[in-house]
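# Survey of secondary and tertiary structure
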Amino acid sequence: MSATMMSMELRFADHLLPNQLAEGDLIKIENQYLTIKEIREIDTGYFLTLLDDFDDEIEYFLGDDEKIEWYVFVE
């Protein structure tokens, strides 16, 4: 992690629907912060491919109307 990222604080920004998320966004699921690698829309919702701190991939499903915690780094 770069020195710039180390000096920044992670803050809750909003609750977003899956169609508001973008690749690279940082979200929180089950007390774990994860980066969105890929978003795939299907008939019943969205499949997210997520990366954890160790770059392990995690598959996660969100329904169309489920909100997820979105986080950003701030100085």
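In this report, we go over the structure that sits alongside the text. Because the structure is predicted, anything quoted here is derived from the model rather than measured.

## Points about the side chain of Asp25
The residue Asp25 is located in the loop between strand S1 (9-16) and strand S2 (26-29) in this model. Within the structure, Asp25 has its side chain in polar contact with the backbone nitrogen of Ala22 (distance 2.9 Å). Other than its neighbours up to four places away in sequence, Asp25 contacts Gln20, Leu34, Thr35, Ile36 and Trp70.

## Quick notes on the nonpolar core
Generally speaking, a soluble globular protein has its nonpolar side chains buried in company with each other. By size, the foremost hydrophobic cluster in this structure holds 10 residues: Leu16, Leu21, Ile27, Ile29, Leu34, Ile36, Leu48, Leu50, Leu62 and Ile68. The contacts of Ile36, once residues within four sequence positions are left out, are Leu21, Ala22, Glu23, Gly24, Asp25, Ile27, Thr49 and Leu50.

## So, the side chain of Asp52
Looking at the secondary structure, you find Asp52 in the loop between strand S4 (45-51) and strand S5 (57-63). Despite being buried, Asp52 has no salt bridge partner; Lys37 is the closest side chain of opposite charge, sitting 11 Å away. A distance of 2.9 Å separates a polar atom in the side chain of Asp52 from the backbone nitrogen of Phe54. Aside from chain neighbours lying at most four places away, what touches Asp52 is Gln32, Leu34 and Ile58.

Conventions we followed
- Residues numbered from 1 in each chain as written.
- Predicted model: local features only at pLDDT ≥ 70, side-chain atom pairs only at ≥ 80, totals over all residues.
- Heavy atoms only, no water.
- Helix = DSSP H or I, 4+ residues; strand = E, 2+ residues; numbered from the N terminus.
- Polar contact = N/O pair within 3.5 Å; in protein donor to acceptor, adjacent residues only side chain to side chain.
- Contact = heavy atoms within 4.5 Å.
- Core = buried A, V, L, I, M, F, W, Y, C linked by side-chain atoms within 4.5 Å.
- Buried < 20%, exposed > 50% of the residue type's maximum accessible area, 1.4 Å probe, protein only.
- Lys, Arg positive; Asp, Glu negative; His and termini not counted.
- Salt bridge = Lys/Arg side-chain N within 4 Å of Asp/Glu carboxyl O.

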